[in-house]
Amino acid sequence: MEGFRPSKEQLKHIKKCKQLKKENNGKPVQMPWIVASICEGCGDCVVACVGKGIKMVNLDKKVPNAWLVRPEGCIGCGFCAQYCLVGAIQMTTYVDWALERYMKVKDGPYPSRFSDEKAKESKESDKGE
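Please read these numbers as outputs of a predicted model, since none were measured by experiment.

Asks: Even after reading the chapter, I still don't get the side chain of Asn65, so can you show me in this structure?
Replies: Tracing the sequence through the fold places Asn65 in strand β3 (residues 65-68). Owing to a relative accessible area of 2%, Asn65 belongs among the buried residues under this scheme. Within polar-contact distance, the side chain of Asn65 engages the side chain of Asn58 at 2.9 Å.

Asks: Can you help me understand the state of the cysteines in this one?
Replies: Defined simply, a disulfide is a covalent bond joining two cysteines at their sulfur atoms. On inspection of all chains with the given rule, the structure shows zero disulfides. Looking at the unpaired Cys39, the closest cysteine sulfur is the one in Cys45, lying at 6.0 Å. A disulfide-free cysteine, Cys77 has its sulfur positioned 5.8 Å from the sulfur of Cys17, the nearest such atom. By relative accessible area, which is 13% here, Cys77 ends up buried.

Asks: What is the right way to look at the nonpolar core in this model?
Replies: Side chains of nonpolar character tend, in soluble globular proteins, to be buried together. Counting 19 residues, the largest nonpolar core has Met31, Ile34, Cys45, Ile54, Leu68, Ile89 and Tyr102 as the members making the most contacts within it. Those elements that provide at least two residues to this core are β1 (31-34), β2 (54-57), β3, α3 (79-83) and α4 (95-104). Setting aside its immediate chain neighbours within four residues, Tyr102 contacts Pro32, Trp33, Ile34, Trp67, Leu68 and Pro71. Among the nonpolar cores identified, the runner-up in size contains seven residues, and Ile14, Ala48, Cys77 and Phe79 belong to it.

Thresholds applied
- Residues numbered from 1 in each chain as written.
- Predicted model: local features only at pLDDT ≥ 70, side-chain atom pairs only at ≥ 80, totals over all residues.
- Heavy atoms only, no water.
- Helix = DSSP H or I, 4+ residues; strand = E, 2+ residues; numbered from the N terminus.
- Buried < 20%, exposed > 50% of the residue type's maximum accessible area, 1.4 Å probe, protein only.
- Polar contact = N/O pair within 3.5 Å; in protein donor to acceptor, adjacent residues only side chain to side chain.
- Disulfide = S-S within 2.5 Å.
- Core = buried A, V, L, I, M, F, W, Y, C linked by side-chain atoms within 4.5 Å.
- Contact = heavy atoms within 4.5 Å.

This is the structure in structure tokens:
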């Protein structure tokens, strides 16, 4: 996904989500719930994020993952989930729980399907080949 250019319909949706957030005391009505262990690190969600809150984290790991590092930028549009081809992002209406989760683990978790030890072993075996 090169760049995200919203259609006219998507622009209307963005405007509606921003208005709903304003009416809801600055909280979106839904937020992404990122399952880091499923994320394959493609970055499509980062490009699709209207609020520029999703970033790739754990770049030093074998498989980096996406994380909502700036939850205050989220408008709840759901484009991140829509563009996630592996289903690592689902939208939740439990906004307070999601906010608490993202504020607690600001820089992103690392429960990947690859442990650090496996990543080190893999890097070492890649050097040997």
